[in-house]
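Here are the chains, one letter per residue:
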Amino acid sequence: MTTPRLAFDDVTVDFGVTRALDSVHLAFAPGEIVGLLGHNGAGKSTLVNVATGAVRATGGRMLIDGEHVTADTPRQAAELGITVIHQTPALVGNLTVLDNLYLGRGRTGRSKADRDAARAALAEVGGDDLTLDTMVSTLELGQRQVVDLARGLLHGAMKVLLLDEPTAALGQAETDALHGLIRRLAASGTTVIYVSHRLPDIIEVCDRVAILREGKVAGEHPITGLTADALATALVPDLQTADHVPAVVGERVLEITSPHHMTFHAGEVVGLFGVAAGEQFELLNALHGAGGVTAVLDGSDYRARTPLEAIRQGVHLVVADRDRDGLIAGLSARDNVYLPWQGRRANGRKVAPTHRARSAGYADARQQLGIVGPGADSPIAAFSGGNRQKHLLAAWLYPATPKVLLLAQPTQGVDVGAKADIRRAVRQAAAGGATVLVASAESDEIAGLCDRSYVLSGGSMAELPRTPEFDSALLQTLLDLIPTKGAFA
């Protein structure tokens, strides 16, 4: 048997009382392309961080070519031949390509030998067309990824390449180019570990998949023999579907007639499920003023050319990226909750016009959502991620009651307790008469929140009722809609 290029032997990682990786055993052969799958919080990024020296394992060991190695820093990992490419390459925009290639290496890169080595590294990863003196800020994302790869090569032979959601912000042409590069590197002996939520990308380029769930290895499957049932069983946690209380469905509130025909009623929570960065999120943005959707709201044509027009009609959106698009770090917790409503009206009245009213409303929101942390006047940045997420939900749930509540991955990146609080608040909003749409790329999130779901992929759509097998049916339906090129049985 070939000695693995990279192996994790009984690797465990603890963050305080939280066990992120639990006795992980995985091995990767030279020249192999392996997809690393798992829901958010499964341990994928932690495993990548162990390999690249960003996180130190609590127990176990890592081996390169059969030898026990230690990588306590990213530089040490690079010297071992381990390169990582993140969704956003770690480059300095106001420096040149050459400067970035030698950044942090104790050399200027200005000698002829250094420039020749830089050109050779770029050429090896498909960057022949890049000029060393070009500012990185002028490059496209795909070109920046090439620079990041070339920087890894300058440390020596690239034995292992880890890709962490590398195509999340790429178009199809750039994705195809990256996959071509991955294949060339693998053909030369580089082991590639590909972390992604985008199943079509995994299917397209990988030889097999390894699946993590709750910090443990839940399965390993070759792509050619992988069935949708096996993938669904390994990916989906044991959700408490029996605890789901069916909605009391009221009258039809929203009907979408284009690009798909969908109906949504008062009192229900409906999922929009698809691949990462998929069309389910585009649909939410379209309903919130981006355009491209034809719909009827309360029996009348729905026209919202801007988010403000959507808000005036009772359509509220909780965005996916709370820190970039939803909250302002320097403002207080209370001001973040009331920021969208400063000087605005809802139901003919100003929303919380006085400081006393806002303070009382904020206190009620904290109680409703189980928010913990510093006081109302503290900056929102002082709260944990889960409690910041609760503040964002509170801003669109409590100061003014939504008619339609649009949620983009509302429970992702938060702990189990925060997820439960958010789910309870969402279900309470629906019970109060709101129509709730949840867009997500995570089947467990849809199954944990929703009464039924639409599955969208590649311009196709399917509707799924709530059943005891709802979670696995979501994945099965998505895989049925994805052009798989025969990869799945």
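Provided above is the structure to which this section pertains.
Residues numbered from 1 in each chain as written. Predicted model: local features only at pLDDT ≥ 70, side-chain atom pairs only at ≥ 80, totals over all residues. Heavy atoms only, no water.

A.B. asks: For this particular structure, what's the right way to read the overall build of the protein?
C.D. replies: For the protein, the count of helices and strands is 17 helices and 22 strands. A compact globule built from 489 residues would reach a C-alpha radius of gyration of about 23 Å, and the protein, at 24 Å, matches this within 12%. Its C-alpha atoms give the protein principal-axis dimensions of roughly 70 × 50 × 45 Å. Buried residues in the protein amount to 53% of all 489 residues. The long-range share in the protein, meaning contacts at least 24 apart out of those at least 6 apart in sequence, stands at 66%. (Helix = DSSP H or I, 4+ residues; strand = E, 2+ residues; numbered from the N terminus. Rg over C-alpha atoms; globule rule 2.2 N^0.38 Å. Buried < 20%, exposed > 50% of the residue type's maximum accessible area, 1.4 Å probe, protein only. Contact = heavy atoms within 4.5 Å.)

A.B. asks: I'm lost on empty space enclosed by the protein in this one. Help?
C.D. replies: Leftover empty space is mapped by rolling, across the atoms, a probe with the size of a water molecule. Taken as a whole, this structure holds two cavities of 30 Å³ or more when the rule is applied. Volume-wise, the largest cavity comes out at about 150 Å³. Looking at side-chain class alone, the lining of the largest cavity contains eight nonpolar, five polar and one charged residues. (1 Å grid on protein atoms, 1.4 Å probe; cavity = no way out; pocket = protein on both sides within 12 Å on 5 of 7 lines; lining within 4 Å. Points joined across faces, edges and corners; volume = space filled by probe spheres on them. Nonpolar A, V, L, I, M, F, W, Y, C, P; charged D, E, K, R; others polar.)

A.B. asks: Before we go on, may I ask you to explain the environment of V404 in this structure?
C.D. replies: Relative to the helices and strands, V404 resides in strand β19 (residues 404-408). Here the alpha-carbon distance between V404 and A430, two residues 26 residues apart in the chain, equals 9.4 Å.

A.B. asks: Would you take a moment to explain the sheet that holds strand β4 (residues 59-64) for this structure?
C.D. replies: Overall, antiparallel pairing links the four strands, which are arranged β2-β1-β4-β5 in an open sheet. Two strands in the sheet have a free side with no partner beyond their single neighbour: β2 (18-28) and β5 (67-69). Averaged over neighbouring strand pairs, the angle between their axes works out to 30° when direction is ignored. Pairing of strand β1 (residues 6-15) with β2, which is carried by seven bridges, proceeds in the antiparallel orientation. Of the residues in β2, the one forming a bridge with F8 is L26. Sitting on the sheet, helix α1 (residues 44-51) touches β1, β2 and β4, and the angle it makes with β1 is about 115°. (Pairing = 2+ DSSP bridges. Axes fitted to C-alpha atoms, helices over the stretch in contact; angles between N-to-C directions.)

A.B. asks: What exactly am I supposed to notice about the side chain of H288 here?
C.D. replies: The topology assignment puts H288 in helix α9 (residues 279-290). You can call H288 buried: its relative accessible area is 9%.

A.B. asks: Explain helix α4 (residues 112-124) here, please?
C.D. replies: Every α-helix winds through 3.6 residues per turn, so residues three or four apart in the chain are directed the same way. In a regular helix each residue adds 1.5 Å, so 13 residues correspond to 18 Å; α4 covers 18 Å between its end C-alpha atoms and thus fits that length. Those residues of α4 that are buried are in contact with α3 (97-102) and α5 (141-153). Backbone geometry just after α4 places G126 at a positive phi near 85°. (Expected span 1.5 Å × (residues − 1).)

A.B. asks: Please clarify how helix α17 (residues 470-481) should be interpreted in this entry.
C.D. replies: Look at α17: 17 Å from first C-alpha to last across twelve residues, which is about the 16 Å you get at 1.5 Å a residue. Considered for burial, the residues of α17 that qualify are F470, D471, L474, L475, T477, L478 and L479.

A.B. asks: Looking at this structure, I do not really get the pairing of strand β14 (residues 294-297). What am I missing?
C.D. replies: Note on strand geometry: in a regular strand, side chains alternate between the two faces of the sheet. Of the two faces of β14, only the one carrying A295 and L297 is buried; T294 and V296 on the other face are not. Sheet topology note: the strand β11 (residues 252-258)/β14 ladder contains four bridges and is antiparallel. Counted as the bridge partner of I256 is A295 from β14. Pairing of β14 with strand β15 (residues 300-302), which is carried by three bridges, proceeds in the antiparallel orientation. Opposite A295, over in β15, you have Y302 as the bridge partner. What sits between β14 and β15 in their antiparallel hairpin is a turn of two residues, with D298 showing a positive phi close to 55°.

A.B. asks: What's the story with the pairing of strand β13 (residues 269-273) in this structure? I'm lost.
C.D. replies: With respect to burial, β13 is a largely interior element, five of its five residues being buried. Inspection of the sheet shows β13 paired to strand β20 (residues 435-440) by five bridges, in the parallel sense. Looking at β20, one finds that V269 is bridged to V436. Examined bridge by bridge, β13 and strand β21 (residues 452-457) share four bridges and lie parallel to one another. Across the sheet, F273 pairs through a bridge with V455, a residue of β21.

A.B. asks: What is the right way to look at the packing of aromatic side chains in this model?
C.D. replies: Centre distance and the angle of the planes are the two values used to describe a pair of aromatic rings. Tallied over the full model, the rule gives three aromatic pairs. A ring pair is formed by F264 and Y454, whose centres lie 5.7 Å apart and whose planes are at 65°; its orientation type is edge-to-face. Residue F264 is found in strand β12 (residues 262-265), and its partner Y454 is found in strand β21; the two are separated by 190 residues along the sequence. Owing to a relative accessible area of 0%, F264 belongs among the buried residues under this scheme. Residue classification places Y454 among the buried residues on the basis of a relative accessible area of 2%. (Phe/Tyr/Trp six-rings, centres within 6.5 Å; stacked < 30°, edge-to-face > 60°.)

A.B. asks: Any chance you could explain the sheet that holds β12 here in plain terms?
C.D. replies: Where strands meet in a sheet, backbone hydrogen bonds hold them as pairs that are either parallel or antiparallel. If you walk across this open sheet you meet the four strands as β12-β11-β14-β15, and the pairing is antiparallel. At either end of the open sheet lies a strand with only one pairing partner, and these are β12 and β15. Strand after strand, the sheet turns through a mean of 25° between neighbouring axes, direction not considered. Here β11 pairs with β12 via four bridges, running antiparallel. The residue bridging E255 from the neighbouring strand is T263, located in β12. Packing against the sheet, α9 makes contact with β11, β12, β14 and β15, and its axis sits at approximately 110° to β11.

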